[in-house]
Amino acid sequence: METKWLEDFISLVETNNFSRSAALRHVTQPAFSRRIQSLENWLGTDLIDRTSYPTRLTPAGIVFYEQALEMLAKINGAREMLRSKRAAAQTSIDLAVPHTLSLTFVPKWLTALEEDFAPIRSRLMALNVHDAVLQLVEGGCDLLLCYHHPRQPVQLDPGRYDMLVLGRESLRAYARCDKNKVPEFTLPGTKRAPLPFLSYTNNAYLGRMVELILNDAKTPLHLEPHYETDMAEGLKMMALEGRGIAFLPESAVTRELKQKQLARADGDTSDWEIEMEIRLYRERPSAHRRGKPIVDRLWEFLEMQQNGGRKKRRIEVSER
């Protein structure tokens, strides 16, 4: 059994609505329903009465609800106790970051912070967007760095979480250069000769961004899927092999563009691209969860930068 199944079940009991709970848990409704069914299969009994609407618990579900609350409280209590004993944790920043940003944005960002802020001791967890968000919500990290688009937002309560925009990223189509340094494939393709398409899996955030591009395209694109993965780096390697067109974040192909290994496959038009924000989130300190002093100082520094503070200042981060 996975603890997220317990959290899913508790959420469903509190909302009495599969769609609402799925949104709160940052998953699709089909995925949420499968997780509830996995919990029922593990227990060997039905928890939800699926013959009625709105959602109602079975007698077994009513009994298990109290047990689920108790089990989850004990698990979270044990985790908090163990984390509180990690002395080094108070001087280290735990980052949850989607895979692509962990390879493209984070190294340069941390280097800049070392120069302008102070040496930072950090621990990075590279995850998919859904799991990275859960890390922040469940207290598993100090900061969440992720992409954001208003039509595919990261749904975090602004009353509980602080947010800063650190930059912007364009997602465009790229293909391998031929010997003349021009792309081997160029959009839009034709019905008779569709272009080989290197795509993201359905559960990838960047995959949903590509769907928006395709749906909004004024000129239809003719693409034939040849390969899929949830990692932009994997698509880039396939594009470098000449296997097709891939929509990639601009920061992921900077070196390859400079070396003329890849080129834009969209004719340098903005018709088939989308811009995303790069956002940083933290849980707002409260009397119940004060957070780490190092995170507070870093956040203050970043806010000062965004508010136009041009004077560089070094902040002492060692514990006094």
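Conventions and cut-offs
Residues numbered from 1 in each chain as written. Predicted model: local features only at pLDDT ≥ 70, side-chain atom pairs only at ≥ 80, totals over all residues. Heavy atoms only, no water. Phe/Tyr/Trp six-rings, centres within 6.5 Å; stacked < 30°, edge-to-face > 60°. Helix = DSSP H or I, 4+ residues; strand = E, 2+ residues; numbered from the N terminus. Buried < 20%, exposed > 50% of the residue type's maximum accessible area, 1.4 Å probe, protein only. Expected span 1.5 Å × (residues − 1).

Asks: Tell me about the packing of aromatic side chains, residues and numbers included.
Replies: Enumeration according to the criterion identifies five aromatic pairs in this entry. Considering the side-chain rings of F9 and F64, the 5.5 Å spacing of their centres and the 45° angle between planes classify their relative orientation as tilted. Here F9, found in helix α1 (residues 3-15), pairs with F64, found in helix α4 (residues 59-84); they are 55 residues apart in sequence, far enough to count as distant. With a centroid separation of 6.0 Å and 85° between ring planes, the pair formed by F18 and F32 is classed as edge-to-face. Taken together, the positions of F18 in helix α2 (residues 18-24) and F32 in helix α3 (residues 29-43) put the pair 14 residues apart, joining distant regions of the chain. Summarising the burial analysis for this pair, F18 and F32 share the class buried.

Asks: Mind laying out unusual backbone geometry, listing which residues take part and the relevant values?
Replies: Residue P188 is bonded to the preceding L187 through a cis peptide linkage, with omega at 15°. Even without a glycine there, the phi angle at K260 is positive, about 60°. Mapped onto the fold, K260 is located in the loop between α10 (254-258) and β10 (262-264). Judged by its relative accessible area of 46%, K260 falls in the partly exposed class.

Asks: Help me get a handle on α1, residues and values and all.
Replies: Between the first and last C-alpha of α1 there are 19 Å, a value that for 13 residues agrees with the 18 Å anticipated at 1.5 Å per step. Taken as a whole, α1 has its buried residues at W5, L6, E7, D8, F9, I10, S11, L12 and V13. Immediately beyond the C-terminal end of α1, within one or two residues, lies N16, with a positive phi of roughly 55°.

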